[in-house]
Structure formats: C-alpha cells, structure tokens
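# Notes for the structure review
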2 protein chains.
Amino acid sequence: MARARISDVAAVAGVSVTTVSLVMNDVESRISQETRQRVREAARAVGYAPSSVARGLRTQRTRTVGLISDQIATTPFAGRMLAGAQDAARDAGHLVYLLDTGGDAAIEREAIDALTAQQVDAMIYACMWHRVVDVPQGVLPKTVLLDCRPVNGGYRSVVPDDRAGGAAAVRELVAAGHRRIAYLDTDDPGPLASRLRHEGYLEALAEAGITADPALHVRGETSAHGGRAAAEALLDLPDDKRPTGIFCFNDRMAAGVYIAAHRRGLDIPRDLSVVGYDDQQLIAAEQDPPLTTVALPHYAMGRWAMEVALGVRAEGDEDATHLMECPVIRRDSVGPPPAQVAKPNRRRASHTERPPEAAPDR
Amino acid sequence: MARARISDVAAVAGVSVTTVSLVMNDVESRISQETRQRVREAARAVGYAPSSVARGLRTQRTRTVGLISDQIATTPFAGRMLAGAQDAARDAGHLVYLLDTGGDAAIEREAIDALTAQQVDAMIYACMWHRVVDVPQGVLPKTVLLDCRPVNGGYRSVVPDDRAGGAAAVRELVAAGHRRIAYLDTDDPGPLASRLRHEGYLEALAEAGITADPALHVRGETSAHGGRAAAEALLDLPDDKRPTGIFCFNDRMAAGVYIAAHRRGLDIPRDLSVVGYDDQQLIAAEQDPPLTTVALPHYAMGRWAMEVALGVRAEGDEDATHLMECPVIRRDSVGPPPAQVAKPNRRRASHTERPPEAAPDR
DNA sequence: CTGAAAGCGCTAACAT
DNA sequence: ATGTTAGCGCTTTCAG
C-alpha cells in the first residue's frame, strides 16, 4: 500500500487539501471545530503522515540540522554532547544528521556539501576537545561551534570554562587546608584546557595568598601511566617541598597518581589529596576512594549549541564565546593535609621492575 | 544570493534542464563530451548543487537512513558503532539521522514517525548492549537490528559472538597452563552476554578436559567495586581451590580484580592471571600491567548493519542473526600459573575500613 | 544527441 | 469558513 497523500485525506473528509493542510499544521484561523475533527479522523483512517520532503521543498525549511564533528568514535564524551544536542533538537521538532569527519578535511568538505544539498536549517560544528579551529568554508553563516572556538571569530561558540574549573578544583584543596598544591599537567599543548586550567590553578593559589612554586607544576603524558610517572617525581621531592594535594589535568592522570600513591603505601586522602578533571564515569567514580573531580558540562553544551543554532535561545552576539560552568563533583579523594607529611619510602621508585616477593596485605 | 537552481545552470550553459540533469547525474546515454564540459563549467560558475529535497520528492528516494538507538549517551561503545555505520553510509552516499530515545517508548514512537515522514530509505535499530528487543511498530520492514536480536524474529540482526569470545578468553588461560579458572560474572541477568560468555567458558573448559567447579563461577555488581568484592571471595578460597586465572565478564570488573590482587600483594600475572572483556581503552590499556581482554567488534557491527540496511551487502536471509567475531587482545595480564599458589594474607579483607598506618612500599 | 512538459506532495496567496 | 491553483526544484518519459 502506497503512502497516503494529503489529497486522499481531503477526499475522505470531503474537504479541500487546503483545509487538510491547515488543520494538520494547526493554523489558528478559520476552520470550524467540526471540520477539524472530521479531517483528523480521515487522516487517522487513511494513516496519513505529511511528507517532510514535499513540505521542505515547498517551504524551503527542512527542520533538520547537521552536526559535523571531528571525532565521535574515540571519546567517551561524545555521547553526552550528542545527547544534549539531540534532546534540544527534538524539543524544537528538528531531526539531526550526524556527520563524523575523523578530522579529515576532504571528508569535511563532502559533509558540508551534503548538508547543503540537504538544505539543513542549521549547522553545528563540534570538536571533542576544547580547541581553536579554522572553520571550513561553506558552512552556514550562523553555524555554532561546540567545544571549540573559531580562530578568527565570526561564529558563536560554547566551551567549558576551564579556567574557572581549574580554580574551583584548586579551591577544594585550599579549603581543606592544603598549601603545597601541585598541578599535574598534560604534556600536550594542543587543548586550550591545559593552559586555562593552569591559569585557574594560579588564580586560586593567588587568592589564597599562596605563592606558586614552579617545581609543583609538572607535566606528563596524558594517561594513567603518564600521571603515575609525574606523580612519582612529585612524591620524590623532599618533605618540605612535597605537595600534599595534587590537581590533575584529567581523571586518567589522576588514576596514575592513585597508583603511584598506593605503591608507596600512601593513603588517599589521608596522606595525599587529589582532584581530577573530566568526571569520566569509568574512571573517577570507580577509583578507591572515589575521585573528587571537575565535570565537563557536555550535555549542557550540546543543548546550548543546538538551542542557539535553532534560534530557540536568543543569543544576542553573533560572535561570542559562551563559557559553560564546570561543576566540581565532590567524592572522597580530598581531605585535610597530614599533620606532618607522611614519609614515603625513599628508595628510587621503579616503574617496571618488581620486587621478588609479594608484600604483605597493607 | 539565493541558491542556484538547475535552470540557472541550463541558461548559462545554453542547454535545457534535461541536459543539465543528465550530466549532473552521470547518466551514460547521449550528451556529447563537449556539452558535458560546458554544463560542468556552468554549474561550477553559478555554484550549483542539486537540491536533495527536490530530488527526494521526485524520486521518492532520499538517500538518508535513520539510526534509532536506546542510548548513545551512557556508553563508551556507542562511538565505534556509530562510526562504523557512519562510514558505511558515507561510502554509499547516504546521510544518517541519529535518534536517541533513551529507551523511552513514547520518544521511540515519535522518532519512528519523524523518520517515516522524512522518508528515509532505511532504518537501523540499535542497542548499546547485546540484548533481545521487541521491535516497535512502524519501523521499515527491512530494518536491521544492531547489537540486539528481535524477540520474535522477522529482522536481520548483528550481534557479537559472545559465546566464542568467552571461549577464546578462557582458552588464553588454558593455553598458559591454568586449570583452576574462575568466571567472574555480572549479577545482572539482562544482557545476553552474561549467559553466552558463560557457555563459552564452559565449552573451553570442557575441550581442555577440565571439570568446571561451580564454586569458581561467582557473580558481582558490574563495576570495579563489584569485581573487587567477588575477587576477594575467590582469593579467600583455600589454596587448593583458589583459581590461578580469572575470566571477568568485563574490563571494569577486571579492574576490581586488579585492586583486590594488589591489595594482597599479589602480582599480576605472576601470582594471578586475568582476562577481561570489552577492551575499553580507558580501562584495559591503562591497567598495570595492561589487561588482556576480548574486544567487542563495535565498528564492524555498525558497518555491517549499515551495509545490509542499504543493500550494499547482500545478506540472503531476511531473518537471520549475524554473529560477529570478538578478537582477543593480548596484553600482559596472563602468564603461567604460579608453581605453587602464592599465599595471600589470610586476614578477612575489608573493603572500607582502612588500617591506621600506611604500609611500607612493597 | 537534445528539449518540452508532467508531476512528486505540499503550502500559501488569492478567490469565493 | 472553505476552495483553486501556482509553484518549490528536480527527474523522466516522450518527442523530436
């Protein structure tokens, strides 16, 4: 059975197609209650659903949005962002095309062309990490950027407020009484997040009247392994220099700090406090003890981007970056600093070699 | 400037719209090389791109696919699956609509209606965990299921071969010489994976001539915490009963086994071998030592589903479930069993209480 | 080898 | 309060 058309409904209801169109689109004007009813029933009877394609051709508005992203595959954050965008689109009666380019410029071009051909009403250009991008030619002029900012302005964008997030993280430590606080940073200069969180770190230190010790700003590979290595170095510092609290660039690196601490018999948070960033469920919540961290507002950013792209949310400035707050998630990895710094084993830590005999249970 | 139409190109090239259409669509027939050239140039000159909407209305084929999923947000697997589907769609010149329902039936209905109105050429119904679903009314008859199977047949579907995967995992342990192998299962009976992996476990044991010990099939909450608790119980078994290898339902639980083992001073893989499942990058690869696990072929499944949905891959049977192989990823958590079972500390393990003083570095 | 014209299903200006 | 009708931009017969 072929799809019912508007004329079928009109015939069954004994009215014109105009009338059907009017009632299907809930146009306020005219049309008596009784007619409306009749049309509704006829539509149901023949199983009518308006064709978005025909409507799109006629109105030149398709009620679709294109979401172009560099990587959905490799990051656990993608989902929350998509979900936020998704939900906002649904609320506004729009459908979203998802286009993943893998960062490939040629594919990006193709994607933009396809979306243009499809006459999407809006576009969102999303990155999976907060960074600066050169927005490709051909995107709709009102495109909004998600989790990235345009290198030369010209677009509205939404990104996490990494500076404030970094400051908030460090304030957790300060509030618990810590004075020697390290920033275990990534060694990858790409993401803006690294620099911004560092600024936040310095800001929170300054407002607490603590002089930042450059020796406490260390870098490592962005992984548990890298975090562990950097933490070892920090824990090898002389007692009076050693940090009592460590703010980590992300949760993965914080997991490395846990490993380093536990291998030395240091208890978290009794002997060492740690704060992460990202609130990666699989990591932060599953640590022992659960990790206090700063959450990236991916869902909210996705929603925001979609709402302004669709004009649901009026955002005055055509060329402004919206900073989204990163809430701190308090769990159990922060406590007061030890009265006297716990004495770690002075032996050079070895990351690979393993002592010949098993240690007794703690 | 308004969008260029086919008639604009025709005017510039001095030909009819028919001719333009023919060359734009690479229709083999007629049209001299010279005319083609002229049309191409005209198209470029006016910046012409065919309207997919108009074409869709005319041809009744939109070159779009709807991908309905229960949850993209909460699982780190979603990305790979979407990427696979995505790539296959692009290869076939299709665009994909992503619709996340959050498992809500009303939203699911809406989604299906919207896709129907949009006249998508195909639909994929995806789950984020291998399970049995009751496919909702209204989906296209040739819809393909991704990572789930239909409760009453009637649809093609693709799921991971969890049985073979479970067997492969256990064979890793058997091949290393283990005889007392535990299966640390989830306590959630929902996913088919639990049952299937258990069957695989039993199968691998049987083929190695090992009698399965029911005491070695334990369950726990599906998390690192649950894995740790279950592992404690296993490690508390008397020496001659204790497993030397543990196959875990997933990587998260395996991470819990690591914690339990390390807290007792047990070295992996020297004192205990462990195999996970899922190959979650953030977990498996970052363990110390890196975890040997079984990968879920999400990308391949996504691709497969899209290819059969689009008819690119001819899959004879209209009503068959395709089993996708789960490759084992060898890392460093499996070794030969200890010559003599390492003696763990006999004291009852406590999961929350913490001894008053830090233990010395191992 | 090329063109004219019908029509996909809908909305909206204009009649009545 | 309701109906007629002209397109939206394209593909595709059917005629030359």
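Not measured: the values here are computed from a predicted model.

Next up on the list: the pairing of strand E1 (residues 64–69) of chain A. All names here are of chain A. Here E1 lies mainly inside the structure; six of its six residues are buried. Since E1 and strand E2 (residues 95–100) lie parallel, the crossover through helix H5 (residues 78–91) that links them has a hand, and here it is right-handed. Sheet analysis places E1 next to strand E3 (residues 122–133), joined by five bridges and oriented parallel. Across the sheet, the residue bridging to Gly66 is Met123, located in E3.

This part is about the relation of the copies chain B and chain A. At an RMSD of 0.1 Å, chain B and chain A line up after a rotation of 180° and a shift of 0.0 Å along the axis. Accordingly, the operation relating the two chain copies is best matched by a two-fold axis. With an isologous cut-off of 70% or more, the 100% of interface residues of chain B that recur at the interface of chain A puts this contact in the isologous class.

This paragraph deals with the packing of aromatic side chains. All chains considered together, the criterion is met by seven aromatic pairs over all chains. An angle of 35° between the planes, with centres 5.5 Å apart, marks the rings of Tyr183 of chain A and Tyr201 of chain A as tilted. Of this pair, Tyr183 of chain A sits in strand E6 (residues 181–186) while Tyr201 of chain A sits in helix H8 (residues 192–207); the two residues are 18 residues apart in sequence, bridging distant segments of the chain. You'll find Tyr183 of chain A and Tyr201 of chain A in the same group, each marked buried. Each ring, one from Phe247 of chain B and one from Tyr277 of chain B, has its centre 6.2 Å from the other, and the planes form 50°; the classification is tilted. Here the residue Phe247 of chain B occupies a position in strand E8 (residues 245–248), and Tyr277 of chain B occupies one in the loop between strand E9 (273–275) and helix H11 (281–284), the gap between them amounting to 30 residues. Of the aromatic side chains, those joined through ring pairs into one cluster are Tyr183, Tyr201, Phe247 and Tyr277 of chain A. Positioned over the ring face of Tyr277 of chain A is Arg197 of chain A, at 3.5 Å from the centre of the ring.

Counting residues at the interface gives 58 residues for chain B and 59 residues for chain A. The contact between chain B and chain A buries some 5,800 Å² in all, and 53% of this surface belongs to carbon and sulfur atoms. Connecting chain B to chain A are six salt bridges. Between Asp288 of chain A and Arg228 of chain B there is a salt bridge, and its shortest N-O distance comes to 2.8 Å. Scanning the region where chain B abuts chain A turns up 23 residue pairs in polar contact (both at pLDDT 80 or more).

Once that is clear, we can look at the side chain of Asp251 of chain B. You can see Asp251 of chain B is positioned in helix H10 (residues 251–263). Within polar-contact distance, the side chain of Asp251 of chain B engages the backbone nitrogen of Tyr277 of chain B at 2.8 Å.

With that settled, the discussion passes to the pattern of salt bridges. Residue and element names in this part refer to chain B. In the structure shown here, the tally under the stated rule is 56 salt bridges over all chains. Arg61 is the salt-bridge partner of Asp121, the closest N and O atoms lying 3.7 Å from each other. One end of the pair, Asp121, is in the loop between helix H6 (105–117) and strand E3 (122–133); the other, Arg61, is in the loop between helix H4 (52–59) and strand E1 (64–69), with 60 residues separating them in the sequence. Given the relative accessible area of 25%, Asp121 is considered partly exposed.

This brings us to the sheet that holds strand E6 (residues 181–186) of chain B. Residues and elements named next belong to chain B. Strand order in the open sheet formed by four strands is E7-E6-E8-E9, and the pairing between neighbours is parallel. Every other strand in the sheet has two partners, leaving strand E7 (217–220) and E9 as the edge strands with one partner each. When strand polarity is set aside, the average angle formed by the axes of neighbouring strands in this sheet is 25°. Direction of pairing for E6 relative to E7: parallel, over a ladder of four bridges. By the bridge assignment for E7, Leu184 is matched with Val218. The sheet contacts of helix H8 (residues 192–207) involve E6, E7 and E8, and relative to E6 the element is tilted by about 175°.

Here the focus is the nonpolar core. Core analysis: the largest hydrophobic core is formed by 52 residues, its most contacted members being Met306 of chain A together with Met306 of chain B. Beyond its immediate sequence surroundings of up to four residues, Met306 of chain A is in contact with Val65, Ala85, Ala88, Ala89, Val96 and Ile124 of chain A.

What follows deals with the sheet that holds strand E7 (residues 217–220) of chain A. All names here are of chain A. Strand order across the open sheet formed by four strands is E7-E6-E8-E9, with parallel pairing between neighbours. The open sheet has two edge strands, E7 and strand E9 (273–275), and neither has a second partner. In this sheet, neighbouring strand axes are inclined to one another by 25° on average, regardless of whether the strands run parallel or antiparallel. Running over the sheet, H8 touches E6, E7 and strand E8 (245–248) and is turned about 175° from E6.

Here the focus is the packing of helix H9 (residues 224–235) of chain B against H10 of chain B. All names here are of chain B. At a minimum axis distance of 6 Å, the contact between H9 and H10 shows a crossing angle of 50°. With respect to their mutual orientation, H9 and H10 come out oblique. In this structure, the crossing between H9 and H10 has a hand that is right-handed. Here Ala224, Gly226, Gly227, Arg228, Ala231, Glu232 and Leu235 of H9 lie close against H10, whose contacting residues are Arg252, Met253, Ala255, Gly256, Val257, Ile259, Ala260, Ala261 and Arg263.

This part takes up helix H2 (residues 17–24) of chain A. Residue and element names in this part refer to chain A. Regarding H2, the residues found buried are Thr19, Val20, Leu22 and Val23. For H2, the arc enclosing every buried residue in end-on projection is 165°, short of the 170-degree limit, so these residues lie on one face. Elements that come into contact with the buried residues of H2 comprise helix H1 (6–13) and helix H3 (33–46). Following H2 by one or two positions, Asp26 adopts a phi angle in the positive range, close to 50°.

Residues of chain A with pLDDT of at least 70 account for 92%, and the chain-wide mean is 90. pLDDT under 50 marks residues 345–362 of chain A. Its contacts with residues more than four places away, or in other chains, come to 37 contacts.

What counts and how
- Residues numbered from 1 in each chain as written.
- Chains lettered and ligands numbered in written order.
- Predicted model: local features only at pLDDT ≥ 70, side-chain atom pairs only at ≥ 80, totals over all residues.
- Heavy atoms only, no water.
- Buried < 20%, exposed > 50% of the residue type's maximum accessible area, 1.4 Å probe, protein only.
- Helix = DSSP H or I, 4+ residues; strand = E, 2+ residues; numbered from the N terminus.
- Right-handed = clockwise from strand over helix to strand, strands pointing away.
- Pairing = 2+ DSSP bridges.
- Least-squares fit on C-alpha atoms with pLDDT ≥ 70 in both.
- Contact = heavy atoms within 4.5 Å.
- Phe/Tyr/Trp six-rings, centres within 6.5 Å; stacked < 30°, edge-to-face > 60°.
- Lys NZ or Arg CZ within 6 Å of the ring centre and 35° of its normal.
- Buried area = accessible area lost by both parts, 1.4 Å probe.
- Salt bridge = Lys/Arg side-chain N within 4 Å of Asp/Glu carboxyl O.
- Polar contact = N/O pair within 3.5 Å; in protein donor to acceptor, adjacent residues only side chain to side chain.
- Axes fitted to C-alpha atoms, helices over the stretch in contact; angles between N-to-C directions.
- Core = buried A, V, L, I, M, F, W, Y, C linked by side-chain atoms within 4.5 Å.
- Parallel < 35°, antiparallel > 145°, perpendicular 65-115°, else oblique.
- Left-handed = near helix turned anticlockwise from the far one by under 90°.
- Arc of directions from axis to C-beta.
- pLDDT = per-residue confidence, 0-100.

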